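Below are the chains, spelled out letter by letter.
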Amino acid sequence: RRLTQQDAPALRALWSEGLRQMPAAFLLTEAELLAIPDERFAANIDGALHIGTFADDKLLGFVIARRGGVARLRHTADIGPLYVSMTAQGRGLGRALMQAALDTLTGQGLKQVELTVDEANTAAVGLYKDLGFTSFGRRPRSVIVNGIDRTDLLMIRALDGAELFAGA
């Protein structure tokens, strides 16, 4: 379901878990996440698409999508982060979260979505390819995590059936 401001504490806790478990999979550090004031963190939930998956009222995973902010980018959205608790991985929850986000964005009339993913995160890369994303570039040294350069893949998917790379 879509997350609300009331879900902010659970979202922050799960995001923090993800940052501890898989720091290379996120842009923010845990310190940066925790430095966001509670009111601003909660307000950000209303400013972007936040979808969560639950079991017994416990948040197990989430995905965030941010629509382009200026008029010329309103047809696009950036997806990420996506995280499923380590205790709930392997159940298809990440796929279900991504599909829910794609369905919602398609329903809002968006034409395409983009994401970046650490090229070493082969499980995530495989999921995104299975969901119809195409890699269209690499960003070397995209981030530096614990002193180690990481390279991101840039991935894109049309939501309107357009052939994005026709004749390429």
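All of these numbers come straight from a predicted model, not from anything done at the bench.

**Concerning the overall build of the chain**
Counting secondary structure elements, the chain contains 5 helices and 6 strands. The helix and strand sequence of the chain, counted from the amino end, reads α-α-α-β-β-β-α-β-α-β-β. Against the 2.2 N^0.38 benchmark of 15 Å for 168 residues, the chain shows a C-alpha radius of gyration of 16 Å, consistent with a compact globule. Along the three orthogonal principal directions, the C-alpha set of the chain runs to about 45 × 40 × 35 Å. Of the roughly 9,300 Å² that the chain leaves accessible, carbon and sulfur atoms contribute 50%. Where the 19 positive side-chain charges of the chain centre and where its 19 negative ones centre are 3 Å apart.

**Considering the nonpolar core**
Counting 29 residues, the largest nonpolar core has Ile79, Met98, Leu105, Tyr128 and Phe133 as its most contacted members. Those elements that place two or more of their residues in this core are β1 (49–55), β2 (58–67), β3 (76–84), α4 (93–107), β4 (112–118), α5 (122–130) and β6 (148–158). Every residue in contact with Tyr128, bar those within four places of it in the chain, is listed here: Leu82, Met98, Leu115, Val117, Phe133 and Met155. Judged by nonpolar contacts, the second largest core, of 17 residues, contains Leu3, Ala8, Trp15 and Phe41.

**A closer look at the pairing of β3**
The buried fraction of β3 is high, at 7 of 9 residues. As paired elements, β2 and β3 share 6 bridges and run antiparallel to each other. What sits directly across from Arg66, in β3, is Asp78. Bridging between β3 and β4 involves 3 bridges; their strand directions are parallel. Bridging across to β4, Ala77 finds its partner in Val113. What joins β3 to β4 is α4, and the crossover it makes is right-handed.

**Observations regarding the pattern of salt bridges**
Opposite charge on two side chains allows them to pair when their charged atoms are near. According to the stated counting rule, one finds 6 salt bridges in the structure shown. Where Arg12 meets Asp38, a salt bridge forms, and the shortest distance between an N and an O atom there is 3.1 Å. Of the two residues, Arg12 sits in helix α1 (residues 8–21) while Asp38 sits in helix α3 (residues 38–46), which places them 26 residues apart along the sequence. The salt bridge involving Glu119 is made with Arg138; its shortest N-O contact spans 3.0 Å. With Glu119 in the loop between β4 and α5 and Arg138 in strand β5 (residues 134–145), the pair connects residues that are 19 residues apart, well separated along the chain.

What counts, and where the lines are drawn
- Residues numbered from 1 in each chain as written.
- Predicted model: local features only at pLDDT ≥ 70, side-chain atom pairs only at ≥ 80, totals over all residues.
- Heavy atoms only, no water.
- Helix = DSSP H or I, 4+ residues; strand = E, 2+ residues; numbered from the N terminus.
- Rg over C-alpha atoms; globule rule 2.2 N^0.38 Å.
- Areas by Shrake-Rupley, 256 points an atom, 1.4 Å probe, with all protein chains shown as cover.
- Lys, Arg positive; Asp, Glu negative; His and termini not counted.
- Charge placed at Lys NZ, Arg CZ, Asp CG, Glu CD.
- Core = buried A, V, L, I, M, F, W, Y, C linked by side-chain atoms within 4.5 Å.
- Buried < 20%, exposed > 50% of the residue type's maximum accessible area, 1.4 Å probe, protein only.
- Contact = heavy atoms within 4.5 Å.
- Pairing = 2+ DSSP bridges.
- Right-handed = clockwise from strand over helix to strand, strands pointing away.
- Salt bridge = Lys/Arg side-chain N within 4 Å of Asp/Glu carboxyl O.

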